[in-house]
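# Structural overview
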Amino acid sequence: MEKSASNAMQLLASEGEPLDCKDCKENGLLLKNSKASLRLTDESNKVHPSPEEKGEAGYISNGYSAVQNPTPCNGSGDGDGVLCPTTMPHTTSPSCVANTHLQQQQLIELEERETWSKKMDFLLSVIGYAVDLGNVWRFPYICYQNGGGAFLIPYTIMAVFGGIPLFYLELALGQYHRNGCISVWRKICPIFKGIGYAICMIALYVAFYYNTIMAWALYYLISSFKAELPWTSCKNPWNTLNCTNYFYNLNITWSEHSISPAEEFYTRQVLQVHRSQGLHDLGGISWQLALCLLFIFTVVYFSIWKGVKTSGKVVWVTATFPYIILFILLIRGATLPGAWRGVLFYLKPDWQKLVATEVWVDAAAQIFFSLGPGFGVLLAFASYNKFHNNCYQDALVTSTVNCLTSFMSGFVIFTVLGYMAEMRNEEVSEVAKDTGPSLLFITYAEAIANMPGSTFFAIIFFLMLITLGLDSTFAGLEGVITAVLDEFPHIWGKRRELFVLGLIIVCYLGALTTLTYGGAYVVKLFEEYATGPAVLTVVFLEAIAVSWFYGITQFCNDVKEMLGFSPGWYWRVCWVAISPIFLLFIICSFMSSPPELRLFEYDYPYWTTILGYSIGTSSFICIPAYMIFRLLSTPGSLKERILKSITPETATEIPFGGIRMNAV
């Protein structure tokens, strides 16, 4: 480190810049003043001076904080030369201690930012985050709801021109600037910093309901350790007279009033929705589900409390295990009678569906919800990468794996739907009366119960659902943790374990409404309103801020510094125009025709639409609120305030040999 730093100092001296400061490098970082910025040129790999706006303070992205002083360390006041951080008061002239408030806030030395132990830890973490319950639970029922194969066309288009380009954009931003979703905007466009706060709120809303689904799966998993699965019989205390067990008695006719034992187990024993009148009367909290969720959050805490080096090891199990189970279930489903009916319904497109706006809205929401741009996770994960890691290759690999997993999961689910239709002598479209999680917890659970070795298949299936959910929870909370720790290092920098504990407690308390007897109604409300529209809006503004304010040319130059090549015209056009236009269209479509929600014969009243919009707006409001705050708190005329608010506050440090230098 010392040798490479010395070589760089000599190179700078050869370019004509004086090096008369003794402590000009600290912890492998080279600092400069505001009039002598350093640029790396790809052609000559030399450092050239260029003018730059006067710097105030820079939080260095590799984990150290330093302040750029208005005068050199020798106190000459000529404004030239290499500057030292003001962490050595006895060597600093009076002019080096200006902007005391900023110095007190940023003169905090942290341990070097941790990185992934192995490249595979990062890849598995991103794959585990992208491949989640959305692939196995949400994608099949969204596809089912929109006419099967017709949904695959808008889904693919949205992935190619929207999801994957923005997936790549976030990985590149996080890896280059090495900051979470809040602090990164100081280096891009400060006025959009509210996007980071909105992302954190969205992540909390997801944690409020997403983990409850895992609690349901855990309840099923515990109930599966029996010789006879409890949802195969109509002789249980929770069953009603409408319970119809047609699997073991072929003479029984399935009617419109028939209810399968699997459905009654899910609705009357697990959820107990019959004890709730709706959102206006949720009822009490189910203590069984409360204990299940407590166990889930306990596992989450001890998996992420130490950082990515710990969670990076856990994902070797949680990210690979689901693929083994999916492959086993796919083979089993393909051998079931009537499986071809489900596959035919899955692949045969209904072309008339393509003219329906809701199909395109669902496709966009699904691809963004699944790939995950806009949740801050990709920024956080990529910020722990090595600077020259090939994030372009990572984006293509992980996004492709995610989409293929969704497609394969469709076969896993639809072969079973075809089997159920064969057993009931119904059409595939009539098999599942309620979309949503019930497709897994009722229809699929019922099919498993009829398989030879049903106990084994039930255990591995619900264990798979839990591992899929855990990956996404690790990632979602890590996005919030990284954002807060990077933004407030002086408060939480040395207290990660305490902050994570507080975050887990907040998430658990926020999830209590989803643990009530009417909690399933709350889950669907959060899913439809609190995440989808808000995430689309955040991703839209993020693309605009990077492409139009930070500048697509500057961003592509950043990528070239990391990877050695610049993104092609396809990526540039997607970032600048195609992706934002798609997102704007979807947002406007959703606002003009909000979804009409229905679950378990319960039609959501109109006031729930207003409530849903309020929940979604509560996160998005952070963006305009911060813009107003920023403009009001910045000194100068309105024009000066705007210019300062869209100009990066701090420079990003890029590696140069064994040291880092400011990238302008």
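None of these values were measured; they are calculated from a predicted model.

### Regarding the UniProt feature "binding site: Na(+)" (unreviewed entry) in the protein chain
The positions that UniProt labels "binding site: Na(+)" (unreviewed entry) are, in the present scheme, Gly128, Ala130, Val131, Asn135, Ser370, Asn402, Leu468, Asp471 and Ser472. In three dimensions, the annotated residues from a span of 345 residues occupy one location, with a maximal C-alpha spread of 13.3 Å. Its place among the elements puts Val131 in the loop between helix H3 (119-130) and helix H4 (133-145). Under the relative-accessibility criterion, Val131 is labelled buried at 4%. Discounting residues that sit within four places of it in the chain, Val131 has contacts with Tyr323, Val401, Asn402, Thr405 and Leu468. By secondary structure assignment, the location of Ser370 is in helix H12 (residues 357-371). On the basis of relative accessible area, Ser370 is assigned to the buried category, the value being 1%. Every residue in contact with Ser370, bar those within four places of it in the chain, is listed here: Tyr129, Ala130, Asn135, Asn402 and Ser406.

### Notes on the side chain of Asn179
Within the secondary structure, Asn179 is located in the loop between helix H5 (152-177) and helix H6 (194-223). Note on Asn179: relative accessible area 0%, which makes it buried.

### A word on a nonpolar patch on the surface
Together, Leu498, Leu501, Ile505 and Leu509 make up an exposed nonpolar region whose accessible area comes to about 370 Å². Positionally, Leu501 belongs in helix H18 (residues 496-510).

### Considerations on the nonpolar core
In terms of nonpolar packing, the biggest core is built from 191 residues, with Trp231, Phe462, Leu465 and Phe555 touching the most fellow members. If one sorts the elements of this core by residue count, helix H19 (residues 519-563) sits on top with 26 residues.

### Remarks on the pattern of salt bridges
For the structure on display, the rule yields 7 salt bridges. Between Asp394 and Lys119 there is a salt bridge, with the nearest N and O atoms lying 3.2 Å from each other. Of this pair, Asp394 sits in helix H14 (residues 391-424) while Lys119 sits in helix H3, placing them 275 residues apart in sequence. For Asp394, a relative accessible area of 2% corresponds to the buried category. Across the salt bridge formed by Lys524 and Glu528, the nearest N and O atoms sit 3.9 Å from each other. A residue pair is termed a helical-turn pair when its members lie 3 or 4 positions apart in one helix, as Lys524 and Glu528 do in helix H19 at 4 residues. Note on Glu528: relative accessible area 18%, which makes it buried.

### Here's the deal with the state of the cysteines
In the structure shown here, the tally under the stated rule is 1 disulfide. Residue pairing for Cys234: its cysteine sulfur links by disulfide to Cys243, the two sulfurs lying 1.9 Å apart. Because the torsion about its S-S bond is -75°, the bridge between Cys234 and Cys243 counts as left-handed. Relative accessible area serves as the criterion here: at 12%, Cys243 is assigned to the buried category.

### Here we look at helix H20 (residues 569-592)
The periodicity of an α-helix, 3.6 residues per turn, causes residues three or four positions apart to be oriented the same way. Compared with an ideal rise of 1.5 Å per residue, which puts 24 residues at 34 Å, H20 spans 33 Å between its outermost C-alpha atoms and is within 8% of the ideal. At Trp575, H20 is deflected by roughly 50°, the largest bend along its length. Within the sequence span of H20, burial applies to Trp571, Cys574, Trp575, Ser579, Pro580, Leu583, Ile586, Ile587, Ser589 and Phe590. Against H5, H12, H14, H19 and helix H21 (606-620) lie the buried residues of H20.

### Description of the environment of Ala447
In this fold, Ala447 is placed in helix H15 (residues 438-449). On the accessibility criterion, Ala447 (0% relative accessible area) is buried. Apart from residues lying up to four places away in sequence, Ala447 is in contact with Val416, Tyr419 and Met420.

### Let's talk about the packing of aromatic side chains
Taken as a whole and judged by the stated rule, the model has 44 aromatic pairs. Judged by centre distance (6.1 Å) and plane angle (35°), the ring pair of Phe345 and Phe414 falls under tilted. With Phe345 in helix H11 (residues 339-347) and Phe414 in helix H14, the pair connects residues that are 69 residues apart, well separated along the chain. Each residue in the set Trp216, Tyr219, Tyr220, Trp231, Trp238, Phe265, Tyr266, Phe441, Tyr444, Phe461, Phe462 and Phe600 is aromatic and connected to the rest through ring pairs, giving one cluster.

### Brief notes about unusual backbone geometry
Within the chain, Arg178 stands out as a residue other than glycine whose phi angle is a positive 55°. Considering the arrangement of structural elements, one finds Arg178 in the loop between H5 and H6. A relative accessible area of 4% places Arg178 in the buried class. Notably, Gln272 is not glycine yet its phi reads approximately 60°, a positive angle. Mapped onto the fold, Gln272 is located in the loop between helix H7 (261-270) and helix H8 (287-304).

Cut-off values and rules
Residues numbered from 1 in each chain as written. Predicted model: local features only at pLDDT ≥ 70, side-chain atom pairs only at ≥ 80, totals over all residues. Heavy atoms only, no water. UniProt positions renumbered as here; feature names shortened; annotations may be inferred. Helix = DSSP H or I, 4+ residues; strand = E, 2+ residues; numbered from the N terminus. Buried < 20%, exposed > 50% of the residue type's maximum accessible area, 1.4 Å probe, protein only. Contact = heavy atoms within 4.5 Å. Patch = residues over 30% accessible without salt bridge, like charges linked within 9 Å, V, L, I, M, F, W, Y side chains within 5 Å. Areas by Shrake-Rupley, 256 points an atom, 1.4 Å probe, with all protein chains shown as cover. Salt bridge = Lys/Arg side-chain N within 4 Å of Asp/Glu carboxyl O. Core = buried A, V, L, I, M, F, W, Y, C linked by side-chain atoms within 4.5 Å. Disulfide = S-S within 2.5 Å. Expected span 1.5 Å × (residues − 1). Bend = angle between axes of the 7 residues up to and from the residue. Phe/Tyr/Trp six-rings, centres within 6.5 Å; stacked < 30°, edge-to-face > 60°.

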